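Observations on the three-dimensional arrangement
Okay, here's what each chain looks like letter by letter:
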Amino acid sequence: MKSNPILWLPLLLFCILTAGCGYGSNYNHMQGTAPKITQLSPQNVVANSGAFPLTIEGSGFNAGSVVYWNMTALPATVDSSSQLTVAISGAMVANAGSVPVHVHTTGGNSNTMMFNIN
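Residues numbered from 1 in each chain as written. Predicted model: local features only at pLDDT ≥ 70, side-chain atom pairs only at ≥ 80, totals over all residues. Heavy atoms only, no water.

Okay, unusual backbone geometry next. Residue S41 is joined to P42 through a cis peptide bond whose omega torsion reads 0°. Within the secondary structure layout, P42 lies in the loop between β1 (36-41) and β2 (44-45). Even without a glycine there, the phi angle at N48 is positive, about 65°. Following the sequence through the fold, N48 ends up in the loop between β2 and β3 (52-59). Residue classification places N48 among the exposed positions, given a relative accessible area of 61%. The phi dihedral of M71 falls on the positive side, at around 75°, and the residue is not glycine. Of note, M71 is situated in the loop between β4 (66-69) and β5 (72-75). When its relative accessible area of 70% is taken as the criterion, M71 is described as exposed. (Helix = DSSP H or I, 4+ residues; strand = E, 2+ residues; numbered from the N terminus. Buried < 20%, exposed > 50% of the residue type's maximum accessible area, 1.4 Å probe, protein only.)

If you look at the biggest cluster of nonpolar residues, it comprises 19 residues, and the most contacted ones within it are L54, I56, W69, I88 and F115. Those elements that provide at least two residues to this core are β1, β3, β4, β7 (83-88), β8 (97-105) and β10 (113-117). Once residues within four sequence positions are removed from consideration, I56 is found in contact with I37, Q39, L40, F61, V67, S82, Q83, L84, V86, V101 and V103. (Core = buried A, V, L, I, M, F, W, Y, C linked by side-chain atoms within 4.5 Å. Contact = heavy atoms within 4.5 Å.)

Attention now moves to the packing of aromatic side chains. If you walk through the whole model with that rule in mind, you get two aromatic pairs. On the basis of an interplanar angle of 20° and a centroid distance of 5.7 Å, the ring pair of F52 and F115 is categorised as stacked. Of the two residues, F52 is situated in strand β3 and F115 in strand β10; the sequence distance between them amounts to 63 residues. On the numbers, 5.2 Å between centres and 50° between planes, the contact of W69 with F115 is tilted. Highlighted residues: W69 in strand β4 and F115 in strand β10, separated in sequence by 46 residues. In this pair, the class of W69 matches that of F115, namely buried. Aromatic ring contacts, followed pair by pair, group F52, W69 and F115 into a single cluster. (Phe/Tyr/Trp six-rings, centres within 6.5 Å; stacked < 30°, edge-to-face > 60°.)

Structure (structure tokens):
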């Protein structure tokens, strides 16, 4: 059975036109740029030292910012587009080690910085 090229033409045109529009690349542009972390404060604590506020400095933070502490999502207080504060519980710093911290916004994920628990 032969296929009729006329039937494939609309599908071919659709594929060419949507590929040329760059739907994937326009999505991030519409959502904003990815955030960037430049500093954590404090940079480290002693194990079993109790709860504390962690301040994250950088750029690209917004009202939808979520901080990830060792893959656990934590709600953040947005102080400005360049500063976030998040509450770290005592249980999260009970054991010594390094914890990855990154921020997610509508623009994507930030770089990861390591927080040290001594």
